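Letter by letter, the chains look like this.
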Amino acid sequence: NGDHWSHQVPALAEKLHVIVIDSRGQGRSTRTKAAPSYDMMATDTLAVLDHLDIKQAAIVGWSDGGEIALKLGVHHPDRITKLFIFGANYDAKGSKPRAGKSFPTFDAYGAKCRADYKRLSKTPKQFDALVQWLLPIWRNPMGFTKDQLKSIKAPTIVADGDHDEIIVLSQIEEMAKLIPNARLEVFADTSHFALWQDPASFNKVVVDFLTAP
């Protein structure tokens, strides 16, 4: 949900017009019967921009949001000025094995998401149903081809924490090479949650990138 960006919005809003979106089914957004996909969520993002009469925007996406950002960069290049993609891979080979593993950060994150959902959602008792609804796109995200990544025209930063629990860093490095106008940014001593673990460093990189000519 948009509240995840609470450390970033004040820094961004000093220099930019900031729109924070709750993805479908999450936070304040309602869940639909239709099966979710990142394409659907990308279309939702465009619908928000259309509603606000915004022709172009820079997109900052984390994890699922990074997948949505990539979808927009590939399929709607005319709407995108810049992309900042954090903690998102481009196919299943970029995911670390999780079977039988437990990550304290993700356990804490899951508890936070459940509490946030109870606080924000119009269906506060349906968090488990939401997770089941989202599982298919987490397990089979459909990914991107290398040619699709090479087609992205927007200036891009591909970023991650240096010890992300679930993302293979070498694929992040590869993405930065495949996207023509991309550069790599790795945040030291952080994981999949660098935007919370080191907001000062994270914010500086994002703000400097988005405000550069």
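First things first, this report covers the structure right here in the doc. Keep in mind it's a predicted model, so treat the numbers as computed, not measured. (Residues numbered from 1 in each chain as written. Predicted model: local features only at pLDDT ≥ 70, side-chain atom pairs only at ≥ 80, totals over all residues. Heavy atoms only, no water.)

**Concerning the pattern of salt bridges**
Enumeration over the complete set of coordinates arrives at 13 salt bridges. Note that Arg28 and Asp3 form a salt bridge whose closest N and O atoms lie 2.7 Å from each other. You can see Arg28 sitting in the loop between helix 1 (9–13) and helix 2 (38–51) and its partner Asp3 sitting in the segment before helix 1, a full 25 residues away along the chain. On the basis of relative accessible area, Arg28 is assigned to the partly exposed category, the value being 41%. (Salt bridge = Lys/Arg side-chain N within 4 Å of Asp/Glu carboxyl O. Helix = DSSP H or I, 4+ residues; strand = E, 2+ residues; numbered from the N terminus. Buried < 20%, exposed > 50% of the residue type's maximum accessible area, 1.4 Å probe, protein only.)

**Details of the side chain of Asn89**
Relative to the helices and strands, Asn89 is located in the loop between strand 2 (80–86) and helix 4 (104–120). Exposure remark for Asn89: the relative accessible area of 7% places this residue in the buried category. For Asn89, the side chain forms a polar contact with the side chain of Ser95, separated by 2.8 Å. Not counting the four nearest positions on each side in its chain, Asn89 is found in contact with Glu67, Leu70, Gly94, Ser95, Ile167, Gln171 and Met175. (Polar contact = N/O pair within 3.5 Å; in protein donor to acceptor, adjacent residues only side chain to side chain. Contact = heavy atoms within 4.5 Å.)

**Considering the pairing of strand 1 (residues 57–62)**
Where strand 1 and strand 2 come together, five bridges link them in parallel fashion. Paired with Val60 across the two strands is Phe84, which belongs to strand 2. In this fold, strand 1 hands off to helix 3 (residues 64–75), which returns the chain to strand 2; that crossover is right-handed. (Pairing = 2+ DSSP bridges. Right-handed = clockwise from strand over helix to strand, strands pointing away.)

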